[in-house]
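# Examining the three-dimensional arrangement
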Amino acid sequence: MPSGTIRYWAAAKAAAGTAEETYEATTLAGALAAARARHGDRPDFARVLTRCSFLVNGEQVGARGHDSVPLAEGGTIEVLPPFAGGAR
């Protein structure tokens, strides 16, 4: 199973209580489900994720279904909450 790094920014970082952590998953959906489970004791985390956009290895995920976004060994997921002046 591929492993890599999830990086949290701004409100996502605060909600996760960490700037980054590792993933072991084959899709973005799997990595995010595991992250939600890991941070189940942090109720804001799941809420913040619903508003975030994601980059996988520098590519914007956009409206693609998270279960259709494959993850590679050594990859990086960037979790980007809305920033001031951005879309909500």
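Residues numbered from 1 in each chain as written. Predicted model: local features only at pLDDT ≥ 70, side-chain atom pairs only at ≥ 80, totals over all residues. Heavy atoms only, no water.

### A word on the pairing of strand β3 (residues 53-56)
The condition is simple: Burial classes: relative accessible area under 20% of the type maximum marks a residue as buried, over 50% as exposed, and values in between as partly exposed (1.4 Å probe, protein chains only). Only DSSP runs of H or I reaching four residues or more are called helices, and only runs of E reaching two or more are called strands; each is numbered from the N terminus. In this description, strands pair whenever DSSP reports at least two bridges between them.
Going residue by residue along β3, you find F54 and V56 tucked away on one face and S53 and L55 left uncovered on the opposite face. Bridging between β3 and strand β5 (residues 76-80) involves 4 bridges; their strand directions are antiparallel. Across the sheet, the residue bridging to L55 is E78, located in β5. Sheet topology places β3 next to strand β4 (residues 59-60); 2 bridges connect them, and they run antiparallel. Paired with V56 across the bridge in β4 is E59.

### Brief notes about the nonpolar core
In summary, soluble globular proteins display a tendency toward joint burial of nonpolar side chains. Put simply, the test is: The definition of a nonpolar core used throughout is a set of buried Ala, Val, Leu, Ile, Met, Phe, Trp, Tyr and Cys residues joined through side-chain atoms within 4.5 Å. Here, residues are in contact when the closest pair of their heavy atoms is within 4.5 Å.
Among the nonpolar cores identified, the biggest contains 22 residues, and I6, Y8, L28, F54, I77 and V79 are the most heavily contacted of them. Where this core is concerned, the elements lending two or more residues are β1 (3-8), α1 (10-16), α2 (28-38), α3 (43-49), β3 and β5. In terms of residue count, the dominant contributor to this core is α2 (4 residues). If near-sequence neighbours (up to four positions away) are discounted, V79 is found in contact with I6, R7, Y8, W9, A12, L49, C52, S53 and F54.

### Observations regarding the side chain of E21
For clarity, the threshold we go by: Any pair of nitrogen or oxygen atoms within 3.5 Å is treated as a polar contact; in protein, a donor-acceptor pairing is required on top of that, and neighbouring residues in sequence qualify only through side-chain atoms on both sides.
As for its placement among the helices and strands, E21 is situated in strand β2 (residues 20-24). Here Y8 takes part through its side chain, which lies 2.4 Å from a polar atom of the side chain of E21. Aside from chain neighbours lying at most four places away, what touches E21 is G4, T5, I6, Y8, A35, R38 and H39.

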